[in-house]
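Below are the chains, spelled out letter by letter.
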Amino acid sequence: MGTLFGTDGVRGIANYELTPELAFDLGKAGATVLSKNNKRPLFIIGKDTRKSGDMLDNALCAGILSVGGNVIKVGILPTPAIAYLTRYYHADAGVVISASHNPFEYNGIKFFNGEGYKLDDLIEEKIEDIIARGINVASNITGDGIGQCLRKEESATDLYCDYLLTTIDKRLDGMTVALDCANGAAFQTAPKVYRELGADVHVIGNEPDGVNINRDIGSTHPEKLQEFVVKIGADVGMAYDGDADRLIVVDELGNIIDGDQTICICAKMLKDQGKLNGNRVTTTVMSNVGFHKYCKDVIECDVDVTQVGDRYVIESMRETGSVIGGEQSGHIIFTDYTTTGDGTLSSLQFMKAMINSGKKASELAREIELFPQVLVNARVDNEKKKAFMLKDQIRDSEIRTAVENIEEKIAGEGRVLVRVSGTESLIRVTIEGKDLDAIKEMAEDLAALISRKYS
C-alpha cells in the first residue's frame, strides 16, 4: 500500500488534503491505468451528499476527459450502486466520491474495476506511481482525442432500485420499517425500495444539506433510530452510513443488532435454504467471540478470518467461494448479488431472514450471545502511526508487554486486538471479555500509553 491509498481509497479533508488538483491527477492516472488499452475508456462517477462532492466530481471528471476517457455522471447514489452500474454499463471503471462514515469536511475517492470490485494493491500502486513521478499522461491528447460526458436516458436511481428489488422474493405489506439514511447517499433509494415492497416506511436522516451527513445519525450514531423505532412501534429499524455500504439493524425494542449478529442471522437462513456455499462464512479479526461460537455450534460452518477492511473480506470470498461475509461495523457482502458491501441490500436480506423465521428481530438477535467488547481509539501522529507495527507485530517493547499482561488477565475469556487505522490518524485498541468495567479500564490505559508514545 502506498502513501495515497488507504484501506478504502484516497481520503482527507476536502480542499486541504484531498484537493481538486489531486482529484484531477487521480482522474488522469486512474483512467490511464484502468483503460485496458481501450481507445475510449468509460468511467461511471457517483458521490454522496457532501458539499465538497461537486468540486471533486468536476475535477476528477476533467482528469479522465483529459486523457481521452468518457464519463457518465450518475450523481448522488450509494457506493454499491456505482459498483452495480459499472457492470450494467460495461464500463472500464467506476469511481465513488465519498468518505463513508466520516464527518462532512472529509471526502474520498475510491475506484472500482470493470467487474465492480475495489482495486487491488498493485493497481493502486501503479496509479500512485504516475502521480508521484509527475508523469504527464495527457501530453499528446488534443482535439477529438479529448473525452466527453455522456448522457443516458435511463434513471440511474431507478436502475439501482429495480436491481435491489430482484434480490428479495418477499413482500413487506403490513410491516412498519424505520430507516435512518444518515443524510447521505441512500436518502432517496432506500425509502423508495421499501415502499415498493409495501412496507409502512418512516424515515429519518433524509434531509441532506451538504454538511449534516453522518452528524449524530446513521450507522455510527444509531441512538436516534433506536428512539425512533420505539416511538413509532416499528417492527425493525435500518441504519445506513453516509455512502450506504454499511448496515446496523435496530430491533423492535430499540436494541442494536450489529454486523456480527446480522451476518449470523443471514448465514443461518442461507444454511437452512441449502445456499451456504462451502459451508463457510467470512469475517475479520474484529469479529466477536460469540460470532465464532454461533457459527460453530448453531450453523455448524467454518469461519474464514481476514484483516480489517471489506476489500480483504471480498478477496477471501472470491478465493474460497464463500457467499456471505463482512464486518462487525456493518459492511456485509452477499456475493450472489453484489461485489461490495451494500447496506440496503443487506437490510433486505435481514428482512427475508426475519420473515422466513417467523420471529421478531429481538428474538433472532438473542440467539447470538456476544461477549462485551470495548473499542478505544488512541490519537497518534500520522507519520509515527506507519512505524507502529511490522508484519502484524507491535514494534514497541513496552506496549507489547502491556498487551501481553492484559492477555494473561483475560486468558480463556476474551482477547486483545491492537490495529492501525487505514483511514485516520488512530491506533485502535479493542478488548473483549466478560467483565465490561475491567476491560474498559484496560483498554483506556493501553490507548493512553500508545497516545503518549506515538503522538
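Each remark here, short or long, concerns the structure printed above.
Quantities reported herein were computed from a predicted structural model and do not represent experimental measurements.

Trainee: Before we go on, may I ask you to explain the overall build of the chain in this structure?
Mentor: Counting secondary structure elements, the chain contains 15 helices and 19 strands. Against the globule reference of 23 Å for 455 residues, the chain gives a C-alpha radius of gyration of 22 Å, in line with a compact fold. Expressed as lengths along the three principal axes of its C-alpha atoms, the size of the chain is roughly 70 × 60 × 40 Å. Restricting the contact set of the chain to residue pairs at least 6 apart, pairs at least 24 apart contribute 71%. Element-wise, carbon and sulfur atoms account for 46% of the exposed surface of the chain, whose accessible area totals about 19000 Å². If the 51 positive side-chain charges of the chain are averaged to one point and the 69 negative ones to another, these points end up 3 Å apart.

Trainee: Is there a simple way to think about the packing of helix α14 (residues 397–409) against helix α15 (residues 436–454) in this case?
Mentor: It is at 10 Å that the axes of α14 and α15 come closest, and there the two elements cross at 175°. Overall, the two elements α14 and α15 adopt an arrangement that is roughly antiparallel. For the pair α14 and α15, contact is made by Glu-398, Ile-399, Ala-402, Val-403, Ile-406 and Lys-409 and by Met-442, Leu-446, Leu-449, Ile-450, Lys-453 and Tyr-454, respectively.

Trainee: Where do I start with the packing of aromatic side chains in this structure?
Mentor: Think of a pair of aromatic rings as described by two things: how far the centres are apart, and how the planes are tilted against each other in angle. Taken as a whole, this structure holds four aromatic pairs when the rule is applied. When the ring of Tyr-84 is compared with that of Tyr-88, the centres are 6.1 Å apart and the planes differ by 40°; the resulting orientation is tilted. Of this pair, Tyr-84 and Tyr-88 both sit in helix α3 (residues 79–88), four residues apart, which is roughly one turn of that helix. Relative to Tyr-163, the ring of Tyr-84 lies with its centre 4.4 Å away and its plane at 20°, an arrangement referred to as stacked. Here Tyr-163 lies in helix α5 (residues 156–165) and Tyr-84 lies in helix α3, a separation of 79 residues in the sequence. With a relative accessible area of 14%, Tyr-84 lands in the buried category. Site record: aromatic cluster; members linked through ring pairs are Tyr-84, Tyr-88, Tyr-89 and Tyr-163. A cation over a ring is seen here: Arg-318 above Tyr-117, with NZ or CZ 3.6 Å from the ring centre.

Trainee: What's the story with the side chain of Ser-347 in this structure? I'm lost.
Mentor: Position of Ser-347 among the secondary structure elements: in helix α11 (residues 343–357). There is a polar contact of 2.7 Å between the side chain of Ser-347 and the side chain of Tyr-194. Every residue in contact with Ser-347, bar those within four places of it in the chain, is listed here: Tyr-194, Met-238, Tyr-240 and Leu-247.

Trainee: What is the right way to read the nonpolar core from this model?
Mentor: Soluble globular proteins tend to pack their nonpolar side chains together in the buried interior. The biggest cluster of nonpolar side chains holds 69 residues, and the ones touching the most others in it are Leu-179, Tyr-194, Met-238 and Tyr-240. The element best represented in this core is helix α8 (residues 259–272), accounting for seven residues. When near neighbours in sequence (up to four residues on either side) are disregarded, Tyr-194 contacts Leu-172, Val-177, Leu-179, Ala-199, Val-201, Met-238, Tyr-240, Ser-347, Leu-348 and Met-351. Counting residues in hydrophobic clusters, the runner-up holds 29 residues, among them Phe-43, Cys-61, Leu-119 and Ile-131.

Trainee: Sorry if this is basic, but what is going on with the pairing of strand β9 (residues 247–250) here?
Mentor: If a strand is regular, its side chains alternate between the two faces of the sheet. Here β9 shows no split at all, with Leu-247 and Val-249 on one side and Ile-248 and Val-250 on the other all buried. As paired elements, strand β8 (residues 236–240) and β9 share four bridges and run antiparallel to each other. Of the residues in β9, the one forming a bridge with Gly-237 is Val-250. Counting the residues in the hairpin turn of β8 and β9 gives six residues, including Ala-244, whose phi is positive at 60°. Here two bridges tie β9 to strand β10 (residues 256–257), and the two strands are oriented antiparallel to one another. Bridging from a neighbouring strand, Val-249 pairs with Ile-257 of β10. Hairpin geometry of β9 and β10 is characterised by an intervening segment of five residues between the two adjacent antiparallel strands and by a positive phi of about 90° at Gly-254.

Trainee: Any chance you could explain a negative patch on the surface here in plain terms?
Mentor: Judged by side-chain charge, Asp-435, Asp-437, Glu-441, Glu-444 and Asp-445 come together as a negatively charged surface patch. By secondary structure assignment, the location of Asp-435 is in the loop between β19 (426–432) and α15. You can call Asp-435 partly exposed: its relative accessible area is 45%.

Trainee: Looking at this structure, how should I read unusual backbone geometry?
Mentor: Across residues other than glycine, the phi torsion is negative in most instances, and most of the peptide bonds are trans. Unusually for a residue other than glycine, Asn-15 sits at a positive phi of about 70°. Tracing the sequence through the fold places Asn-15 in the loop between β1 (10–13) and α1 (20–34). Despite not being glycine, Asn-279 has its phi angle at roughly 50°, a positive value. Mapped onto the elements of the fold, Asn-279 is located in the loop between α8 and β11 (280–284). Residue class for Asn-279 comes out partly exposed when judged on its relative accessible area of 25%.

Trainee: How should I be thinking about the sheet that holds strand β18 (residues 415–420) in this particular structure?
Mentor: Sheet strands line up and pair through hydrogen bonds in the backbone, either parallel or antiparallel. Read from one edge to the other, the open sheet built from three strands follows the order β15-β19-β18, with strand pairing classed as antiparallel. Only two strands of the sheet have a single neighbouring strand rather than two, namely β15 (373–379) and β18. With direction set aside, neighbouring strand axes in the sheet form an average angle of 15°. As defined by bridge partners, β18 adjoins β19 across six bridges and the pair is classed as antiparallel. Bridge pairing links Val-416 to Ile-431 in β19.

Rules used throughout
Residues numbered from 1 in each chain as written. Predicted model: local features only at pLDDT ≥ 70, side-chain atom pairs only at ≥ 80, totals over all residues. Heavy atoms only, no water. Helix = DSSP H or I, 4+ residues; strand = E, 2+ residues; numbered from the N terminus. Rg over C-alpha atoms; globule rule 2.2 N^0.38 Å. Contact = heavy atoms within 4.5 Å. Areas by Shrake-Rupley, 256 points an atom, 1.4 Å probe, with all protein chains shown as cover. Lys, Arg positive; Asp, Glu negative; His and termini not counted. Charge placed at Lys NZ, Arg CZ, Asp CG, Glu CD. Axes fitted to C-alpha atoms, helices over the stretch in contact; angles between N-to-C directions. Parallel < 35°, antiparallel > 145°, perpendicular 65-115°, else oblique. Phe/Tyr/Trp six-rings, centres within 6.5 Å; stacked < 30°, edge-to-face > 60°. Buried < 20%, exposed > 50% of the residue type's maximum accessible area, 1.4 Å probe, protein only. Lys NZ or Arg CZ within 6 Å of the ring centre and 35° of its normal. Polar contact = N/O pair within 3.5 Å; in protein donor to acceptor, adjacent residues only side chain to side chain. Core = buried A, V, L, I, M, F, W, Y, C linked by side-chain atoms within 4.5 Å. Pairing = 2+ DSSP bridges. Patch = residues over 30% accessible without salt bridge, like charges linked within 9 Å, V, L, I, M, F, W, Y side chains within 5 Å. Salt bridge = Lys/Arg side-chain N within 4 Å of Asp/Glu carboxyl O.

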